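# Chains, contacts and geometry: an overview
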Amino acid sequence: MHYSFDFAQQVHFPFNPYQPGPIYFLTPRKCAIFGVCCEAIPQQINFFIDEGMQSSKGSNAVISYMHHFFAHYGLGETDADLHCDNCSGQNKNKFMLWYLCWRTMYLMHRSITLNFLITGHTKFAPDWCFGLFKQKFRRTEVNTLADIADVANKSTLTDVNRAQLVGNEQGDVFVNAYNWQDFFKAYFKPLNGIKSLHSLRFDCRHPGVVFTKATSDQKEEKAVQLLKDTNVWPPREHPPVVPPPGLDHTRQKYLFEKIRDFCSTEESKEIVCPKPALVVEDAVSSSNEDEASHPKRGRHQ
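Owing to the predicted nature of the structure, the values given are computational and were not obtained by experimental measurement.

One full turn of an α-helix is made of 3.6 residues, so residues set three or four places apart face in the same direction. In this model, helix α2 (residues 94-105) (12 residues) spans 16 Å end to end at C-alpha, consistent with the 16 Å of a helix rising 1.5 Å per residue. Counted residue by residue, α2 has 11 buried out of 12 residues, so it is predominantly covered. Within α2 the residues assigned to the buried category are F95, M96, L97, W98, Y99, L100, C101, W102, R103, T104 and M105. Two or three places before F95, at the start of α2, stands the capping residue N93, its side-chain oxygen 3.1 Å from that residue's backbone nitrogen. Immediately beyond the C-terminal end of α2, within one or two residues, lies L107, with a positive phi of roughly 60 degrees.

In structure tokens:
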């Protein structure tokens, strides 16, 4: 089965197609988008990532979303062909290689081929689905993450786009992020010259080995052992969960003071731009301090 994956340009919410002028100079709440497209169906799962859920767009995030996709949306294939761009921070790095190697070692897939786009070619299947979503998004009033997911699900008549929230505005997590980098470091070693390679293959019959080619049509493959010790495998269990960073107080205060009024309903205001918790705590503590410094007088004083 063939899958392609990539990040899209983030969107902001609340959003109004008839954009009020003042919000043009402000920064509403951000939502990143990661898509995995199965061209054979065709259907794309779009992971919508609130800014409070995402610490980075690095390899830990990409691998975690791919792992969730295979577990919940995969078609049960034994052999997978993957396509992605050449972004070294997200896809073309040692951690992604180690993860795919780990999957074949434990027969989650019998074989996986990872192919990178030719330099200069940046558009492929996920961009088609992102475009369909963006067309619908630009014509729709959006207040919350749930609204964004609804836009994605209704962006096509044939259910090409499907939404998966990574978490909600309140901090509830639906897709866990794992610390894959530290999990694999003790067992695998880097692959030298990875940036010059465009096709990598992993096979369960050769645990820990990656077969590399500079181009996809090259006939000869070079086999490289990635395990530091072929007798010591990484465990099959998941690595530790990385908790979401959440929004810091400065960002919460900005959304409350600058963006809240652009939400069209009172409910969405409380969901997207609630009053910062620290502000409430500060108000309570300051009132207690005032009472302590100015005690009430008794009747006979």
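With that out of the way, let us pick up the sheet that holds strand β10 (residues 222-225). Spatial ordering of the open sheet is given by β6-β3-β2-β1-β4-β5-β8-β9-β10, a layout of nine strands whose pairing is mixed. Edge positions in the sheet fall to β6 (161-165) and β10, since each has one partner strand and no second. Sheet twist, expressed as the mean angle between neighbouring strand axes with direction ignored, is 25 degrees. The sheet contact formed by strand β4 (residues 79-84) and strand β5 (residues 111-116) spans six bridges and is parallel. Residue pairing for β5: D81 is matched across the bridge by T113. Strands β1 (2-13), β2 (29-38), β3 (43-50) and β6 of the sheet are contacted by helix α4 (residues 145-153), whose axis makes an angle of about 160 degrees with β6.

What counts and what doesn't
The residue count restarts for each chain, going from 1 along the sequence in the order it is written. In keeping with the predicted nature of the model, local features appear solely for residues at pLDDT of at least 70, side-chain atom pairs appear and are counted solely at 80 or more, and the whole-chain, interface and lining totals rest on all residues. Water and hydrogen atoms play no part in the side-chain values, which are based on all heavy atoms of the structure. A helix here means a DSSP run of H or I that spans at least four residues, while a strand means a run of E at least two residues long, and both kinds are numbered starting from the N terminus. Working rule for helices: expected span equals 1.5 Å times residues minus one. Per-residue accessibility, obtained with a 1.4 Å probe over protein chains only, is compared with the maximum for each type, and a residue is labelled buried under 20%, exposed over 50%, and partly exposed between these values. The term polar contact refers here to a pair of N or O atoms within 3.5 Å; inside protein, the definition further demands a hydrogen-donor-capable atom paired with an acceptor-capable atom, and it admits residues adjacent in sequence only when both atoms are side-chain atoms. Strand pairing is assigned whenever DSSP identifies at least 2 bridges connecting the two strands. Structural elements are reduced to axes, namely lines fitted to C-alpha atoms, with helices fitted over the stretch in contact, and the angle between N-to-C directions of any two is expressed from 0 to 180 degrees. Only heavy atoms matter for contacts: two residues are in contact if any of them lie within 4.5 Å across the pair.

So far we have only geometry, and geometry alone does not tell us how the molecule works.
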